[in-house]
Amino acid sequence: MTPLALRRTIRLGYATVAVLALGVGALGILSWRQHQAGGARADAGDAVAVAITDRGCEPDSLTVPAGRVAFRILNRSSRVLEWEIVDGVMVVEERENIAPGLQQRLVARLAAGEYAITCGLLGNPRGRLRVTAGAAPAAPDLRELIGPMAEYKVYLTLRSASLAAATAALVEQMRAGGDAGPVLAAAHAAYQRIRPASRVMQAELDTALDGRAQDFAAGARDPAFTGFRRLALDAADAPAMAARLQQDVTTLLARLEETMVPPDRMLAGAALMVREGADTADDALAAAMLEGAARVLTLLAPPARRLDAAATARAEALLAAARQAPASRRHDDFVALAEALSALRDTLGLR
Amino acid sequence: MLATFLITLREGLEAALVVGLVASLLRRRGHAEWLPLVWIGVASAALICLGLGLALDLLSVELPQRQQELFEAVAGLVAAGMMTAMAFWMRRAGSSMKQQLEGQVEQALGTRSGLALILLVFLAVAREGLELVFFLLALAQQSTGWQVLGSALSGLLAAALVGVAIAWGGLRLNLARFFRWTGVVVLLAAAGIAAGSLRALHEAGWWNGLQQLAFDLSHILPADGIPGAILAGLFGYVDQPSVGEVLVYALFLLATLPAFLVPARKPAAALQA
């Protein structure tokens, strides 16, 4: 490196250090003010306290609910210690360098099961930590959610093909004239099966395809009111409307093909669709919505069941009830199912 | 009080050892003009750690333990590799300096090895820095008085002084000896870092084999006593190591030390004299 280049590098280095110092200074002031305000450790009170003495843990057996658990580890021994939560030989969480007389906080996300806790010296007996399946969800193992995501992608691809075919049939029928009712209903139903994905991932196209007249400023006469419901209400200009619809479907399917729908969006989309569909009068359309929602629930139920079996069973029971219920009870059943689907987002720790 | 002092001393020593050696090495090679880069490496690593610690604290986010351990393991393995390379490079340079013509070997310190030394300094500080920042932040929040925090900071100061002493002592040594002995020290420290990386991998959940206790010296030479803490800081001493850690330490030294100590062209007697 030439002296000139070296000098330049050094100058650059000093500038970097100066910028870093300014940033850290600002962070330090912010942090100090927050601690002055006393907000930072507001939840310190609900932490599970464990004291470590020279002989072991006090108490030496803990029971906590699954999910996010805060521990307050107080070192009452005479030595610096390290505190670990151990599953077999695997360290799940640990906090190092707890000096005698001091306490430290550790927050762990724990799944239900039996764990051990270390208690200072290796010769000391280990403590027991029992984690019970509780209302508080543990973090989902993301690996468990990749399978459902991939399967849902396959499902979307298959259902997209059916929707494309149904839409093409609809356009054909409109062009030929005659009673388009059955083909329109079939295409609308085909759309409901993928609607959990499009409702949240492509909201604008979803409005163009399945928007309800009452949601537009000028109602059914609003120029922005297009899609399946517009075609069902008003036969005017039907071939052009159908062509527009086909174009929107094509765009939507192309975009969905490039999208991976995350588990949280799957559930959110299914819940939205079911809630918005609570007042559907058409039995076949309602059944198609439940089919779309059922796919999401079937895929995500196994990981959700491990975290909260009761909430999962509830959603499954509500779905079964909604499928069998007569139209007169549809509103209440759909609203309850939408809420149960939303609740699974919390169960899976997704929001 | 003493305990907090020893914790920060121990954590700081490893970084101080590396920084001190690199600084004295650069000076001996007549590359004092590179020294600002060393301080830049130290300062930016320390500031980044401090900033990260403060940011996580501000957001009330707990330190993600696995990621931190994984970082420590990877940084440790890279540092151990670089330190080994540095030791052998010093050995080669030392043996080629029969007439102790410092200018002659100046070109041995090319731009790349110089920058590698700076990176090594950065890694050494960043590795211990994050944990230290969290320790200090926890202390600052929990202790009512300034005494505990003061003893923690004086531990750091003591570590820095040791680093200065190493750099200064390195300057006073005969050049050949300097290369010889600092090389051995660097290899011992690298072995400790490599063994520590295995422990970090275990704590990150990536390695679970060979976890049986190899031996327990915690009653004879506890790692949180004064001599134990110093040994831990410099050479990665652990009072209750696992079989895997002992194996890594031993295999590392077996693989590097004999090769390093075999005299390269120059008679060893002259060096040991």
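Located above this text is the structure these notes cover.
Everything quoted here is computed from the prediction, not taken from an experiment.

*Asks:* Explain the overall build of chain A to me, please; I cannot follow it from the model alone.
*Replies:* Of regular secondary structure, chain A possesses 10 helices and nine strands. Counting over 351 residues, chain A shows a buried share of 36%.

*Asks:* Sorry, what's going on with the sheet that holds strand β9 (residues 127–132) of chain A here?
*Replies:* Residues and elements named next belong to chain A. Taken in spatial order, the five strands line up as β3-β9-β8-β5-β6 in an open sheet, and their pairing is mixed. A single partner strand is all that each edge strand has here, and the edge strands are β3 (61–65) and β6 (90–98). For this sheet the average axis-to-axis angle between neighbouring strands, irrespective of direction, equals 20°. The pairing of strand β5 (residues 81–87) with β6 spans six bridges and is classified as antiparallel. Considered in β6, the bridge of Asp87 is made with Met90.

*Asks:* For this particular structure, what's the right way to read the interface of chain B and chain A?
*Replies:* For an interface, size is often stated in terms of accessible area lost upon the parts coming together. Across the boundary between the two partners, chain B contributes 37 residues, which contact 36 residues of chain A. Elements that contribute at least two residues to the side of chain B that touches chain A include exactly α1 (2–28), α2 (35–58), α4 (111–142) and α6 (175–203) of chain B. Counting residues per element, the side of chain B that touches chain A draws most heavily on α2(B), at 13 residues. When the residues that make up the side of chain B that touches chain A are grouped by side-chain class, the tally is 16 nonpolar, 14 polar and seven charged.

*Asks:* Whenever I open this one, the environment of A:Leu290 confuses me. Can you help?
*Replies:* All names here are of chain A. Turning to its location among the elements, Leu290 is positioned in helix α8 (residues 283–307). Along the chain, Leu290 and Met273 lie 17 residues apart, while their C-alpha atoms are 9.2 Å from each other. If sequence neighbours within four positions are ignored, Leu290 has contacts with Leu319, Ala322 and Arg323.

*Asks:* Would you mind showing me how to read the sheet that holds strand β4 (residues 67–75) of chain A here?
*Replies:* All names here are of chain A. Strand order in the open sheet made by the four strands is β2-β1-β4-β7, with mixed pairing throughout. Lying at the two open borders of the sheet, with one neighbouring strand each, are β2 (57–58) and β7 (103–110). Sheet topology places strand β1 (residues 48–52) next to β2; two bridges connect them, and they run antiparallel. Opposite Ile52, over in β2, you have Cys57 as the bridge partner.

*Asks:* Got a minute to help me understand the packing of helix α7 (residues 263–276) of chain A against α8(A) in this structure?
*Replies:* Helix-helix packing is described using two parameters, namely the angle between the two axes and the distance between the axes. All names here are of chain A. Interaxial distance between α7 and α8 falls to 10 Å at its minimum, and their mutual angle equals 150°. Between α7 and α8, the interaxial angle falls into the category roughly antiparallel. The two elements α7 and α8 meet at a crossing, and its hand is left-handed. In this structure, α7 contributes Pro263, Met266, Leu267, Ala270, Met273 and Val274 to the contact, and α8 contributes Met289, Gly292, Ala293, Val296 and Leu300. Here the residues of the contact of α7 with α8 are counted per class, giving 10 nonpolar, one polar and no charged.

*Asks:* Honestly, the nonpolar core in this entry has me stumped. Any pointers?
*Replies:* Across soluble globular proteins, nonpolar side chains have a tendency to be buried as a group. In terms of nonpolar packing, the biggest core is built from 104 residues, with B:Val19, B:Val22, B:Val38 and B:Val121 touching the most fellow members. In terms of nonpolar packing, the next biggest core, distinct from the first, is built from 56 residues, A:Ala293, A:Leu300, A:Leu319 and A:Leu341 among them.

*Asks:* Would you mind going over helix α4 (residues 203–210) of chain A with me for this structure?
*Replies:* Within an α-helix, residues lying three or four positions from one another point in the same direction, as the helix has 3.6 residues per turn. Residue and element names in this part refer to chain A. Those residues of α4 lying buried are Asp206, Ala208, Leu209 and Asp210. Along the long axis of α4, the arc covered by the buried residues comes to 165°, so they all point the same way. Across α4 from its buried face, at more than 90 degrees, point the exposed residues Ala203 and Glu204. Where the residues of α4 are buried, they touch α3 (181–201), α5 (228–233) and α6 (238–257).

Rules used throughout
The residue count restarts for each chain, going from 1 along the sequence in the order it is written. Just so you know, chain letters begin at A and ligand numbers begin at 1, following the order they were written in. Side-chain atom pairs in this predicted model are given and counted only at pLDDT of 80 or more, local residue features only at pLDDT of at least 70, and totals for whole chains, interfaces and linings cover all residues. The secondary structure listing takes helices from DSSP runs of H or I that are at least 4 residues long and strands from runs of E that are at least 2 residues long, numbered from the N terminus. Exposed residues have 12 or fewer other C-beta atoms within 10 Å of their own C-beta, buried residues have 20 or more, and residues in between are partly exposed; the C-beta atoms are placed from the backbone. Any two strands with at least two DSSP bridges between them are considered paired. Here the axes come from fitting lines to C-alpha atoms, over the contacting stretch only for helices, and the angles between their N-to-C directions go from 0 to 180 degrees. Residues are scored as being in contact if the C-beta atoms we place from backbone atoms lie within 7 Å. Only Asp, Glu, Lys and Arg are considered charged in this grouping, and only Ala, Val, Leu, Ile, Met, Phe, Trp, Tyr, Cys and Pro are considered nonpolar; every other residue, Gly among them, is considered polar. Put simply, angles under 35 degrees are roughly parallel, angles over 145 are roughly antiparallel, angles from 65 to 115 are roughly perpendicular, and the rest are oblique. Handedness of a crossing is defined here by the sense of rotation of the near helix relative to the far one, left-handed for an anticlockwise turn of less than a right angle and right-handed for a clockwise turn. For this analysis, nonpolar core means a set of buried Ala, Val, Leu, Ile, Met, Phe, Trp, Tyr and Cys residues linked through C-beta atoms within 7 Å. The arc under discussion is defined with respect to the helix axis, by the directions toward the C-beta atoms.

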